[in-house]
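Summary of the model geometry
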Amino acid sequence: MPIATPEKYAEMLDAAKSGAYAFPAINVSSSQTLNAALKGFADAGSDGIIQVSTGGAEYLSGPTVKDMVTGSVAFAAYAAEVAKNYPVNIALHTDHCPKDKLDGFVRPLIDLSAERVKRGEGPLFQSHMWDGSAVPLDENLHIAEELLEKCAAANIVLEIEVGVVGGEEDGVENEINEKLYSTPEDAIATARALGHGDRGYYMTALTFGNVHGVYKPGNVKLRPEVLKQAQEAVVGEFGLESGSKPFHLVFHGGSGSTPQEIGDAVDYGVVKMNVDTDTQYAFTRPVADHMFSNYTGVLKVDGDVGDKKKYDPRSWGKAAEANMAARVVEACENLRSAGKGIN
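A short tour of the structure in this document, coming up. Counting restarts for each chain, with residues numbered from 1 along the sequence as it is written. For this predicted model, a pLDDT threshold of at least 70 governs which residues receive local features, and a threshold of 80 or more governs which side-chain atom pairs are given and counted, while totals over whole chains, interfaces and linings are taken from all residues. Only hydrogens and water are set aside; all other atoms, that is, all heavy atoms of the structure, feed into the side-chain values.

**Thoughts on the overall build of the protein chain**
How we decide: Each helix corresponds to a stretch of at least 4 residues labelled H or I by DSSP, and each strand to a stretch of at least 2 residues labelled E; elements are numbered beginning at the N terminus. With C-alpha atoms as the basis for the radius of gyration, the globule rule is written as 2.2 Å multiplied by the number of residues raised to the power 0.38. Buried, partly exposed and exposed residues are distinguished by accessible area as a fraction of the type maximum, computed with a 1.4 Å probe on protein chains only: under 20%, between the cut-offs, and over 50%, respectively. The contact criterion used is simple: two residues touch if any of their non-hydrogen atoms lie within 4.5 Å. Methods summary: accessible areas were calculated by the Shrake-Rupley approach with a probe of 1.4 Å, and residue burial reflects only the protein chains presented. Positive charges come from Lys and Arg, negative ones from Asp and Glu, while His and the chain ends are left out of the count. Where a charge sits is defined by one atom per residue type, namely NZ (Lys), CZ (Arg), CG (Asp) or CD (Glu).
A tally of helices and strands in the protein chain yields 13 helices and ten strands. The C-alpha radius of gyration of the protein chain comes to 20 Å, within 12% of the 20 Å expected for a compact globule of 343 residues. The buried share among the 343 residues of the protein chain stands at 53%. Considering only intrachain contacts with a sequence separation of at least 6, the fraction spanning at least 24 residues in the protein chain is 74%. For the protein chain, the computed accessible surface area is about 15100 Å², with 52% contributed by carbon and sulfur atoms. On the protein chain, the mean spot of the 31 positive side-chain charges and the mean spot of the 48 negative ones are 5 Å from each other.

Printed below as a string of structure tokens:
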């Protein structure tokens with residue numbers, strides 16, 4: 001199918017919230033990982049989200065070019081073409097963008113989408129993330145207001161982060177402490193600044209102990225009830241329908257989460273869960289196996305000629321893509337989106 005239209009994307013997210021499931025948002029950094037993500041979503045029968053980080057966008061432009069906008073535009077163009085061959089709806093997203101990279105990443109991409117919309121085309125990306133976790137909340141929300149207005153005009157969904165995700169991703173590092181838990185007051189301040197759907201469509205990454213990186217189950221202290229308390233606080237503050245979930249929530253730093261923690265988060269309104277560390281490993285593991293198992297084939301040992309079929313990047317690339325696709329299927333099953341995407 002073609003890349004999801006803004007209307008289809010909003011429909012996907014609304015259906016996920018009302019149906020108590022969420023979409024994996026798979027970080028990619030190459031055509032191979034993009035193709036693996038697409039196959040995984042198709043195999044699971046799930047719509048999905050594919051995203052690039054600042055580092056991923058730089059890498060996609062060429063490791064010596066390092067231009068985030070160039071890499072993002074190239075990624076979106078390639079994805080739009082190859083996604084047509086898969087029977088699921090796919091949205092494109094840009095991941096964590098801190099304040100110092102807004103002018104070299106998100107703002108130019110929003111401007112490009114605004115120009116496309118003026119010509120009667122769809123936006124280049126369906127959503128962008130502003131990561132204001134490193135600045136005071138007032139400044140975070142002030143910038144979010146500006147970006148929400150621009151995104152709404154370009155038919156783009158804005159994602160924001162309220163709170164701090166621990167660990168490290170693309171050079172952004174935070175300590176693991178009590179700051180990892182958003183408060184009801186944070187949620188109310190967010191709704192007061194950005195509305196609750198009445199001023200533009202946005203998603204909120206409230207934090208409940210989330211940590212980027214590699215952690216075994218039990219090492220990260222998640223408190224999904226923080227999300228429930230945030231939704232209830234906004235409902236009470238603004239007199240919304242009892243039991244409603246005003247926020248479309250996002251789950252960051254989910255590696256090592258238990259099925260119960262994931263299920264609870266989805267029940268409380270999570271519609272998008274970022275998946276990066278696990279799929280990176282899933283892609284790389286078969287490559288390592290191939291190299292160790294075919295040592296004399298991939299290397300010209302002692303002046304030999306090696307085995308072209310073994311060092312052809314396609315030979316190990318296919319195995320890497322297949323294993324990553326299987327991990328995407330697992331993510332869809334964990335988030336209950338499997339089988340809900342073909343329509």
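Now that the structure has been shown, the text picks up again.
**Section: the nonpolar core**
Basically, it comes down to this: For the purposes of this section, nonpolar cores are sets of buried Ala, Val, Leu, Ile, Met, Phe, Trp, Tyr and Cys residues that join through side-chain atoms within 4.5 Å.
Ranked by internal contacts, the top residues of the largest apolar core, which has 77 residues, are V28, I50, F75, L92 and W130. If we skip the residues at most four places from it in the chain, V28 touches T33, L34, A37, I50, Q51, V52, F75 and M324. Judged by nonpolar contacts, the second largest core, of 15 residues, contains A4, M203, A205 and V271.

**Section: the packing of aromatic side chains**
Heads up, the rule is: A pair of Phe, Tyr and Trp rings is counted when the ring centres sit within 6.5 Å of each other, with Trp represented by its six-membered ring. The angle between the planes then sorts it: under 30 degrees is stacked, over 60 is edge-to-face, the rest tilted. Here, a charge over a ring means that NZ of Lys or CZ of Arg falls within 6 Å of the ring centre while also lying within 35 degrees of the ring normal.
Applying the stated criterion across every chain yields a total of four aromatic pairs. Above the plane of the ring of Y181 lies R223, whose end atom (NZ or CZ) is 3.8 Å from the centre. Over the ring of Y21 we find K340; its NZ or CZ atom is 5.1 Å from the centre of that ring.

**A look at the state of the cysteines**
Two cysteines form a disulfide when their sulfur atoms are joined by a covalent bond. This is how it is decided: By convention in this document, the label disulfide applies to cysteine sulfur atom pairs within 2.5 Å.
By the definition in use, this model includes zero disulfides. In this model C151 remains outside any disulfide bridge; the closest cysteine sulfur is found in C97, 11 Å from its own.

**Examining the pattern of salt bridges**
Here is the rule: Salt bridge, as used here: a side-chain nitrogen of Lys or Arg that lies within 4 Å of a carboxyl oxygen of Asp or Glu.
Counting across every chain of the model gives 17 salt bridges. Here E121 makes a salt bridge to R116, at a shortest N to O gap of 3.7 Å. Look at E121 and you get partly exposed, because its relative accessible area is 35%. Note that R199 is salt-bridged to D198, the shortest N-O span being 4.0 Å. One network of salt bridges, in which partners are shared, links D103, R107, E146 and K150.

**Considering the sheet that holds strand β10 (residues 270-275)**
Operational definition: Here, strands pair whenever DSSP counts at least two bridges between them. Each axis is a line fitted through C-alpha atoms, taken for helices only over the stretch in contact, and angles between the N-to-C directions span 0 to 180 degrees.
The eight strands are arranged β1-β2-β3-β4-β5-β8-β9-β10 in a closed barrel whose pairing can be described as parallel. With strand direction ignored, the average angle separating the axes of adjacent strands in the sheet is 25°. Note: strand β1 (residues 23-27) against β10, four bridges, orientation parallel. When the sheet's bridge partners are listed, A25 is paired in β10 with N274. Running over the sheet, helix α2 (residues 31-44) touches β1, β2 (48-52) and β3 (90-94) and is turned about 170° from β2.

**Details of the side chain of D312**
Selection criterion: Under this definition, polar contacts are N or O atom pairs within 3.5 Å; protein pairs additionally need one hydrogen-donor-capable and one acceptor-capable atom, and for neighbouring residues in sequence, both atoms have to be side-chain atoms.
Residue placement: D312 occurs in the loop between α12 (308-311) and α13 (313-334). The buried category is assigned to D312, whose relative accessible area is 18%. At 2.7 Å, the side chain of D312 forms a polar contact with the side chain of R314.

**Here we look at the packing of helix α10 (residues 277-293) against α13**
The relative placement of two packed helices is expressed as an angle between their axes plus a distance between the axes. So the rule is basically this: Handedness of a helix crossing follows the sense of rotation of the near helix relative to the far helix, less than a right angle counterclockwise being left-handed and clockwise being right-handed.
At their nearest, the axes of α10 and α13 sit 8 Å apart, and the two run at 145° to each other. Handedness of the α10/α13 crossing: right-handed. Note on element contacts: α13 touches α10 through S315, W316, A319, A320, E321, N323, M324, R327 and V328, opposite D278, T279, A282, F283, P286, V287, H290 and M291.

**Description of the side chain of R327**
Within the secondary structure, R327 is located in helix α13. A polar atom in the side chain of R327 sits 2.8 Å from the side chain of D278.

**Details of α10**
The cut-off we apply is this: Each helix should span, by expectation, one fewer than its residue count multiplied by 1.5 Å.
Here α10 contains 17 residues, and its C-alpha end-to-end distance of 24 Å stays within 8% of the 24 Å for a straight helix at 1.5 Å per residue. Looking at the buried residues of α10, the elements they touch are β1, α2, β10, α11 (295-298), α12 and α13.

**Notes on the environment of I188**
Position of I188 among the secondary structure elements: in helix α7 (residues 184-194). The spatial distance from the C-alpha of I188 to the C-alpha of A36 is 39 Å, given a sequence separation of 152 residues. Among all residues touching I188, those that are not within four sequence positions of it are A233, V234, E237 and F238.

**Digging into the environment of Y281**
As for its placement among the helices and strands, Y281 is situated in helix α10. A relative accessible area of 53% places Y281 in the exposed class. C-alpha separation for the pair Y281 and A320, spaced 39 residues apart in sequence, amounts to 9.5 Å.

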